[in-house]
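Listed below are the residues making up each chain.
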Amino acid sequence: MRYFIGLILALALGVMGCSDSGDMDSKYDVRVMSLRPGNGTDYDQAADAQTLGELLRIGAQIHKETLESDYALRAQAQADMVLAERPDLIALAAIIDIEVTGPGAVGVDQISILTEALAERGLNYSIVSQQQAMDIPMLPLLHPLCDVEDVGACLIKMNGFDMILKNDDNPDLEVSNPQAAHFDNQVYFPTPAGDISFNRGWVSIDVVVNGERDFRLVNTRVDRATYEDVQALQVQELIDGPSNFDGGVVLAFTSNSAGGTSSALDTLMGAGYEDTDITGAPDPTCCQVPQLTNPESQLDQRDTYVLTKGEFRAGGTYVMGDEPLQSEHPYWQSIHAQVFADVRVLPD
């Protein structure tokens, strides 16, 4: 419901900074959106392959599910959220670009699809920091996703990226010093084609508001909480690395805690971070079925946060995209609800 109310208000009033949530701070400096587009599939399936033939069949199934989840449709809903709330910065995680070659093969470039959906609404966002994360080697794409049955006639390569987008229509926001790094500690999945990693890491950008107050925005998604030891090491790398900044830090953080519990948030709080939620009862953000085939919502936990460290005043957080997209598959705009946070950068 929040999504529809917010969209109506934004279209009717056209006022940047007007929120659909009554407990948001109307005098915020920066609105941050944490956007998880959703791939419409589960890449962890690949870890179940015991032979190269099984891996190719699973790879074809993953790509089939991605196509069936119809990101072109889902991106329209996500772009409507951006139109309604006009975030100044978008922390974009796990957006994919699937490259294919061969007769009849169809790729999926979520980056271009989302960019075009934003442009159709007159929204001007540019990529100011980015890094490739998932980098799965090129493999044969099997029939019927390839028009011919000869193995190798079609090829597929799966790529994932983390990014930060800036609202170019905000003249009071300046950015510089884009940085990015992969974590030294990673989870590796053995497959018949070699070890595969999602290559987790972080991207950041330094931000100046109104020509004087500065902070750093860091966007990250750590490995799943089921790999708690690795996740803990990745969180410590965040604390020792991009969080080590003279000014304040805003952290768009996905704990990836589906199917497990995570101590990551406690560790970050112990390092000086604070939650931008001011209600004490934030809405859940995780998780629909990866293929988005569930008619009833399965959001039952929170794994996406916007945290601050330094001189900030939180205006609150709220979610959108927790309502059904439509009455058939894909039922949801993403596996995750999308998170917005308003923050005020206080003078030094």
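Residues numbered from 1 in each chain as written. Predicted model: local features only at pLDDT ≥ 70, side-chain atom pairs only at ≥ 80, totals over all residues. Heavy atoms only, no water.

## Observations concerning the nonpolar core
Inference 1: If you look at the biggest cluster of nonpolar residues, it comprises 27 residues, and the most contacted ones within it are Y43, I98, M134, I136, L141 and M158.
Inference 2: Elements supplying a minimum of two residues to this core: helix 2 (52-68), strand 2 (89-101), strand 4 (125-140) and strand 5 (155-167).
Inference 3: Considering every element that reaches this core, the biggest residue donor is helix 2, with five residues.
Inference 4: Those residues within four positions of Y43 in sequence are excluded, and the remaining contacts are I62, T66, I96, I98, M134, I136, M158 and F198.
Inference 5: A84, Y125, L165 and M320 belong to the second-largest nonpolar core, a separate cluster that totals 24 residues. (Core = buried A, V, L, I, M, F, W, Y, C linked by side-chain atoms within 4.5 Å. Buried < 20%, exposed > 50% of the residue type's maximum accessible area, 1.4 Å probe, protein only. Helix = DSSP H or I, 4+ residues; strand = E, 2+ residues; numbered from the N terminus. Contact = heavy atoms within 4.5 Å.)

## Observations regarding the state of the cysteines
Inference 1: Within this structure, the stated rule accounts for two disulfides.
Inference 2: A sulfur-sulfur separation of 2.1 Å characterises the disulfide bridge that pairs C146 with C154. One quick way to see it: the torsion about the S-S bond of C146 and C154 is about 70°, and its sign makes the bridge right-handed.
Inference 3: Owing to a relative accessible area of 0%, C154 belongs among the buried residues under this scheme.
Inference 4: The disulfide bridge from C286 ends at C287, spanning 1.6 Å between sulfur atoms. Between C286 and C287 the disulfide shows an S-S torsion of about -85°. By sign, it is left-handed.
Inference 5: Residue class for C287 comes out buried when judged on its relative accessible area of 15%.
Inference 6: In the protein, the bonded cysteines, numbered by position in the sequence, are linked as 1-2, 3-4. (Disulfide = S-S within 2.5 Å.)

## A short note on helix 4 (residues 110-120)
Inference 1: The complete set of buried residues in helix 4 reads Q110, I111, L114, A117 and L118. Down the axis of helix 4, the smallest arc covering the buried residues is 135°, so these residues share one side.
Inference 2: Looking at the buried side of helix 4, the elements it contacts are strand 1 (30-35), helix 3 (71-85), strand 2, strand 3 (108-109), strand 4 and strand 5.
Inference 3: The opening residue of helix 4 is D109, an N-cap whose side-chain oxygen sits 3.2 Å from the backbone nitrogen of I111.
Inference 4: The first or second residue beyond helix 4 is G122, which carries a positive phi of 75°. (Arc of directions from axis to C-beta. Polar contact = N/O pair within 3.5 Å; in protein donor to acceptor, adjacent residues only side chain to side chain.)

## Section: the confidence of the model for the protein
Inference 1: For the protein, the average pLDDT comes to 89, and 91% of its residues sit at 70 or higher.
Inference 2: Here helix 1 (residues 2-13) stands out as the least confident element of the protein, with mean pLDDT 38; helix 3 is the most confident, with 98.
Inference 3: With pLDDT under 50 throughout, residues 1-26 is counted as low confidence; its partners more than four residues away or in other chains account for 54 contacts. (pLDDT = per-residue confidence, 0-100.)

## Some remarks on the packing of aromatic side chains
Inference 1: Applying the stated rule across the entire model yields five aromatic pairs.
Inference 2: Ring centres of F215 and F312 lie 5.9 Å apart, and the angle between their planes is 80°; this geometry places the pair in the edge-to-face category. Of this pair, F215 sits in strand 10 (residues 213-221) while F312 sits in strand 14 (residues 312-320), and the two are 97 residues apart along the sequence. For the pair shown, F215 and F312 are each scored as buried.
Inference 3: Taken together, a centroid distance of 6.4 Å and an interplanar angle of 35° make the contact between F253 and Y305 tilted. Highlighted residues: F253 in strand 11 (residues 248-254) and Y305 in strand 13 (residues 304-309), separated in sequence by 52 residues.
Inference 4: An aromatic cluster is present here, built from F189, F198 and Y227 joined pairwise through their rings.
Inference 5: Across the ring face of Y273, the terminal group of K309 is positioned such that the distance to the ring centre comes to 5.9 Å. (Phe/Tyr/Trp six-rings, centres within 6.5 Å; stacked < 30°, edge-to-face > 60°. Lys NZ or Arg CZ within 6 Å of the ring centre and 35° of its normal.)

## Some thoughts on the sheet that holds strand 12 (residues 274-275)
Inference 1: Strand order in the open sheet formed by six strands is 6-9-10-11-13-12, with mixed pairing between adjacent strands. Among the strands making up the open sheet, the edge pair consists of strand 6 (173-182) and strand 12.
Inference 2: The pairing of strand 10 with strand 11 spans seven bridges and is classified as parallel. Bridge pairing in strand 11 links L217 to V250. (Pairing = 2+ DSSP bridges.)

## Considering the pairing of strand 5
Inference 1: With twelve of its 13 residues buried, strand 5 lies for the most part within the structure.
Inference 2: With eleven bridges joining them, strand 2 and strand 5 adopt antiparallel strand pairing. Bridge assignment links I90 to a residue of strand 5, and that residue is L165.
Inference 3: Sheet analysis places strand 4 next to strand 5, joined by eleven bridges and oriented antiparallel. Bridge assignment links S129 to a residue of strand 5, and that residue is I164.

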